[in-house]
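Remarks on the overall topology
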Amino acid sequence: MNRDFSKGAVWKITLSQAVPLMLAQLVQLLYNIVDRIYIGHMDDKDSTALTGVGLTFPIITFIVAFAALFGNGGVPLFSIANGEGDKDKAERIMGVSFCLILISSVVLTLVGYVFCKPILYLLGASDSSYVYAYDYLKFYLAGTLFSMLTAGLNSYISAQGFPKTGMLTTIIGAVLNILLDPLFIFVFGLGISGAAIATVISQIVSALWILSFLIRKAPIALKLKNIRVDTTITKDICKLGTSNFVMQGTNCFVQIACNSTLQTYGGDIYVGIMTVLNSVRDIFFLPVNGLVNGALPVMSFNYGAKKYDRVKQSIRFNTLAGAVYTVMAWLMIVLFPAFWFRIFSDDAALIAPGINAIQTYFFGFIFMAFQFSGQSTFQALGDAKHAIFFSLLRKAMIVIPLTLILPRLGMGVNGVFIAEPISNAIGGLACYITMRKTIYNKLNEEELT
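The structure presented is a predicted model; accordingly, all values stated were derived computationally and were not measured. (Residues numbered from 1 in each chain as written. Predicted model: local features only at pLDDT ≥ 70, side-chain atom pairs only at ≥ 80, totals over all residues. Heavy atoms only, no water.)

**Thoughts on helix α16 (residues 367-380)**
As a reminder, the rule being used: For the purposes of this entry, the term helix denotes a DSSP run of H or I that reaches at least four residues, the term strand denotes a run of E that reaches at least two, and both are numbered from the N terminus. In a helix, the anticipated span is given by 1.5 Å times the number of residues less one. The rule is simple: take the accessible area with a 1.4 Å probe, protein chains only, and divide by the maximum for that residue type; under 20% is buried, over 50% is exposed, in between is partly exposed.
The end-to-end C-alpha separation of α16 is 20 Å, in line with the 20 Å expected for 14 residues at 1.5 Å each. Taken across its 14 residues, α16 has 13 buried, putting it largely inside the fold. Downstream of α16 by one or two residues, G382 has phi in the positive range, about 80 degrees.

**Focus on a nonpolar patch on the surface**
Short version of the rule: Within the patch definition used here, like charges are joined within 9 Å and nonpolar side chains (Val, Leu, Ile, Met, Phe, Trp, Tyr) within 5 Å, considering only residues with over 30% relative accessible area and no salt bridge. The protein chains shown are the only cover counted for residues, whose accessible areas, like all others here, come from Shrake-Rupley with a 1.4 Å probe. Put simply, a salt bridge is a Lys or Arg side-chain nitrogen that is within 4 Å of an Asp or Glu carboxyl oxygen.
There is a patch of nonpolar side chains on the surface, built from I103, V107, V111, V114, F115 and V229 and spanning about 530 Å² of accessible area. The residue V114 is located in helix α5 (residues 87-114) in this model. Using a relative accessible area of 60% as the deciding quantity, one classes V114 as exposed.

**Overview of the confidence of the model for the protein chain**
What counts here: pLDDT is defined as a per-residue confidence score from the predictor, taking values between 0 and 100.
On average, residues of the protein chain score 89 in pLDDT, and 96% of them reach the 70 mark or higher. When pLDDT is averaged over each element of the protein chain, α5 comes out on top at 96 and helix α1 (residues 10-40) at the bottom at 76.

**Some words on the packing of α16 against helix α17 (residues 384-405)**
Counted only if it meets this: Fitting a line to C-alpha atoms yields each axis, with helices limited to the stretch in contact; the angle taken between N-to-C directions then spans 0 to 180 degrees. In this scheme, roughly parallel covers angles under 35 degrees and roughly antiparallel covers those over 145, while 65 to 115 is roughly perpendicular and the rest are oblique. In this scheme the handedness of a crossing depends on how the near helix is turned from the far one: anticlockwise by less than a right angle means left-handed, clockwise means right-handed. Whether two residues are in contact is decided by their heavy atoms: any pair within 4.5 Å suffices. Each residue gets one of three labels, nonpolar for Ala, Val, Leu, Ile, Met, Phe, Trp, Tyr, Cys and Pro, charged for Asp, Glu, Lys and Arg, and polar for the others, Gly among them.
Packing of α16 against α17 leaves a shortest axis separation of 8 Å and a crossing angle of 150 degrees. In terms of their interaxial angle, α16 and α17 are classed as roughly antiparallel. Where α16 crosses over α17, the handedness of that crossing is left-handed. Contact residues: M368, Q371, Q375, F378 and Q379 in α16; H386, A387, F390, S391 and R394 in α17. Counted by class, the contact of α16 with α17 contains 4 nonpolar, 5 polar and 1 charged residues.

**Considerations on the environment of M42**
Positionally, M42 belongs in the loop between α1 and α2 (48-54). C-alpha separation for the pair M42 and A295, spaced 253 residues apart in sequence, amounts to 39 Å. Not counting residues within four places of it along the chain, the set of residues in contact with M42 comprises A49, Y132, I185, F186, G191 and I192.

**Examining the nonpolar core**
Put simply, the rule reads: In this text, buried Ala, Val, Leu, Ile, Met, Phe, Trp, Tyr and Cys residues form a nonpolar core when linked through side-chain atoms within 4.5 Å.
Ranked by internal contacts, the top residues of the largest apolar core, which has 92 residues, are L120, Y136, L153, L214, L277 and F417. With 11 residues, helix α12 (residues 268-304) is the single largest residue contributor to this core. Dropping the residues within four chain positions of it, L277 is found in contact with F341, A357, I358, Y361, F362 and F417.

**Topic: the pattern of salt bridges**
By the definition in use, this model includes 5 salt bridges. Its salt-bridge partner being D282, residue R36 comes within 3.4 Å of it at the nearest N-O pair. Taken together, the positions of R36 in helix α1 and D282 in helix α12 put the pair 246 residues apart, joining distant regions of the chain. By relative accessible area, which is 5% here, R36 ends up buried.

**Quick notes on unusual backbone geometry**
In the Ramachandran plot, K306 falls in the positive-phi region, its phi being about 65 degrees despite a non-glycine side chain. You can call K306 exposed: its relative accessible area is 60%.

Okay, structure coming up:
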């Protein structure tokens, strides 16, 4: 494995980073997808349990948002320091990142347990779906620390040129989760609580694997002396991590807006449909996320090494590969919509209206390639202001208002599903065009100096 990202074909290096990450994220996705599949088929074609676990998504997303803030926010700084040859600074950045994840996980766990019931009803729970949501969440919250360590620290392994090791992190945990799910759900008869317990056990194992590698084997290691709150580094991490936090955090608020609106205009069945749509979206976002995460350290490293042409090559490759993929993904969804629903439920009441919903929701999926390309470039090169703004634009400024307004203009539940493609087109194009006009042009100028 070539760990000097300034040498070799950029697209090959990006793929060498991205493919293991895609596989890792595929397995990571199985953590949640397998839970949903088992839960969706748990009660003989009754989708209420699936609706219940769907209500926990905003809370889980909010937890992941903090892992992204303090974990992924430090990775570009870490990679730039590594590209500059400053190993001590890179170690300090990782240590501060770990400390911030540790502190925030304790706070989030306590808040989650204290305010669990009112939060779930705020998210659109009914009396019947609340029972399932609480049974899942009361155990899931116990693993907050381990889920945040897994989500926040694994990128530090890949950023050092060990994507296969990062892949093993999620493979180990997800395979364990796949094996434990049927055991706890069906054999032990724990139902939805069993799914949560299996997930927590798997996250514990994954987190221990990451810590073992970063402490004992990584070239740039996690050291006890660096696990502290450094004000300057914390500010820098938060600046870059805020874009990740906003992106994940606004996902949380989008889910709240969608669930509460769908509960009002369609009831539990449409909250269940949105649970399936979120699951299908996670599946099809996976390769693009893997590509972006694989490209981030490559762009950051080359930017730190002043290899500006290679940064531009990476941007162009990310955009083209993302566009080709999203077109293919969209075709698979619109041509076989019922297939994706039957993976998660046999409830005919869910599938029939869900087919129209999924075709509407994913219309214009290609524009997400431009969103990811622009967003990742801003983040990798340290342009925190633009990264934050475009995180807010698509979700907070477009999706949420449209989700709340369109149903009230006579569109009903269809208004919720139409809001997504509108935001993809406006937000994706605005982000990409701005990136080309600012950072890309700046790279051209720096290349000439």
